[in-house]
Amino acid sequence: MTLEEYLDHLLAGEDEACLAEARGRAVDLDGLHRLYVDVIQPSQYRVGELWEGGKISVATEHLATATNSYVASMSYAPLARATGGGPRALIACTPDEMHELGPRMLADLLEGDGWDVDFYGTSMPVRDLIGAIRERKPVFVGLSAALVMHLGSVKRTITAMGEALGAEKPPVVVGGNAFRGDGELWRQVGADLYAADASAAVDVLRDLKK
Amino acid sequence: MSGAMDDFLRDHHDAIIAAVQARMKGDETMGRVAEQRELSESGLSGQVLGFTLEAIRSDLTIGSPVAMRQGLRWLASLGAGHGLPIDGPALARLMDDVSEEVEARLDSDALRTEYAAYREQLGPMIADAFPQ
């Protein structure tokens, strides 16, 4: 099935056809990486573009997003490994950021790579994020932003982490649609690392496990 | 951005939005867009101004107008795709209203200088996003 064919099923709300394609690809962790990066991420970007261009309704956009989320969860479930004992990672969205599919996929792939992942989902308040870091002591923190207007929020979050935690602040990796198209934005928000997609992030973060 | 500017934009967020909404009341473009989107005029202007102020705050925080630039391009694309009567002059009026309400509340020369430098970039960004 091509990406366009997958997209057609997605927009039609044909979740079982999407899931069948996904399960055919995600037969192992490598396949799951390719499913997330080659199918779910680009189809999700395409859904956003189609809504922006007036080609699909808000309802269709929500249906497609929910279907992709379902497909990702159902594809990961058979491959999920028991966590515990691995290095800890903390993944969250910055305040007001409501798009969680991307960081959710990163959390899945990191768990597959042996990390013990705390995934906090959307719109994590800064004070609570800092409290979670103090309590859980992750090796790194991953922050996701889908909308460019949230870049300032990413920087404010990282700055607050530095002020509160000092030398104890873990490295921060950033990603998400807000960083697409400008290779230097991640530096401007004060991050330590950047990856263009969830699979690339797993590679980038592997060095921190040592 | 200075911490003082960040504090200022956070603390005056609601007052600036309310003041600009009062200025925009009866704006023909906003009224037509609201009608097409089946929103009240105040509901629409509240959303638009919330995004606008967040983009300004983000740009001043990271020291680059990337959020406003991309936001304007997105708005142009959205307007074209959905047949909304959004154009450069309407956006320029909105940005002028926002900037005047921001500047009216700034209480130091340093903040006024910082905002003035940012405001100078708004016209060219609108022209880029909405070419005549």
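Residues numbered from 1 in each chain as written. Chains lettered and ligands numbered in written order. Predicted model: local features only at pLDDT ≥ 70, side-chain atom pairs only at ≥ 80, totals over all residues.

A count of helical and extended segments in chain B gives seven helices and zero strands. Along chain B, from the amino end to the carboxyl end, the secondary structure elements read α-α-α-α-α-α-α. For chain B, whose C-alpha radius of gyration is 14 Å, the value lies close to the compact-globule estimate of 14 Å for 132 residues. Taken along the three principal axes of its C-alpha coordinates, chain B extends 40 × 30 × 20 Å. Counting across all 132 residues of chain B, residues that qualify as buried make up 35%. Considering only intrachain contacts with a sequence separation of at least 6, the fraction spanning at least 24 residues in chain B is 68%. (Helix = DSSP H or I, 4+ residues; strand = E, 2+ residues; numbered from the N terminus. Rg over C-alpha atoms; globule rule 2.2 N^0.38 Å. Buried ≥ 20, exposed ≤ 12 C-beta atoms within 10 Å, placed from the backbone. Contact = placed C-beta atoms within 7 Å.)

Once that is clear, we can look at the interface of chain B and chain A. Each side of the interface is counted separately: chain B has 19 residues, and chain A has 14 residues. Ranked by the residues each element gives to the side of chain B that touches chain A, the list is headed by helix H5 (residues 66-82) of chain B, at nine residues. Of the residues assigned to the side of chain B that touches chain A, the class counts are seven nonpolar, 10 polar and two charged. (Nonpolar A, V, L, I, M, F, W, Y, C, P; charged D, E, K, R; others polar.)

All right, on to the nonpolar core then. Counting 90 residues, the largest nonpolar core has Leu 151, Val 174 and Val 189 of chain A as its most contacted members. A domain split of this core shows at least three residues from each of domain 1 (3-79) and domain 2 (88-209) of chain A. Contacts of Val 189 of chain A, omitting those with residues within four sequence positions, involve Leu 151, Val 154, Lys 155, Ile 158 and Val 174 of chain A together with Ile 62 of chain B. (Core = buried A, V, L, I, M, F, W, Y, C linked by C-beta atoms within 7 Å. Domains from an automatic or database assignment.)

This next bit is on the pairing of strand S4 (residues 172-175) of chain A. Residue and element names in this part refer to chain A. Burial along S4 is two-sided: the residues Val 172 and Val 174 and Val 173 and Gly 175 are all buried. Across four bridges, the pairing between strand S3 (residues 140-144) and S4 is parallel. Of the residues in S4, the one forming a bridge with Gly 142 is Val 173. A crossover connection joins S3 to the parallel S4 through helix H7 (residues 151-165); in handedness this β-α-β unit is right-handed. Summarising the sheet, S4 and strand S5 (residues 193-194) pair through two bridges and their orientation is parallel. Opposite Val 174, over in S5, you have Tyr 194 as the bridge partner. (Pairing = 2+ DSSP bridges. Right-handed = clockwise from strand over helix to strand, strands pointing away.)

Take the environment of Gly 54 of chain A next. As for its position among the elements, Gly 54 of chain A is in the loop between helix H3 (29-52) and helix H4 (58-76). On the neighbour-count criterion, Gly 54 of chain A (15 C-beta atoms within 10 Å) is partly exposed. Here Gly 54 of chain A is in contact with Gly 81, His 82 and Gly 83 of chain B, once residues within four sequence places are set aside.

Our next topic: the domain arrangement of chain A. Accessible area lost during the coming together of the parts is what is often quoted as the interface size. Residues and elements named next belong to chain A. Domain assignment breaks chain A into domain 1 (3-79) and domain 2 (88-209). Relative to domain 2, the C-alpha centre of domain 1 lies at a distance of 23 Å. Across the boundary between the two partners, domain 1 contributes 14 residues, which contact nine residues of domain 2. When contributions to the side of domain 1 that touches domain 2 are tallied by element, the ones reaching two or more residues are H3 and H4. Looking at the side of domain 1 that touches domain 2 residue by residue, the class counts come to eight nonpolar, six polar and no charged.

Residue and element names in this part refer to chain B. For Met 5, the location among the structural elements is in helix H1 (residues 3-11). Overall, Met 5 belongs to the buried group, with 21 C-beta atoms counted inside 10 Å. Sequence separation of Met 5 and Arg 112 is 107 residues, and the distance between their C-alpha atoms is 9.6 Å. Every residue in contact with Met 5, bar those within four places of it in the chain, is listed here: Leu 60, Leu 111 and Glu 114.

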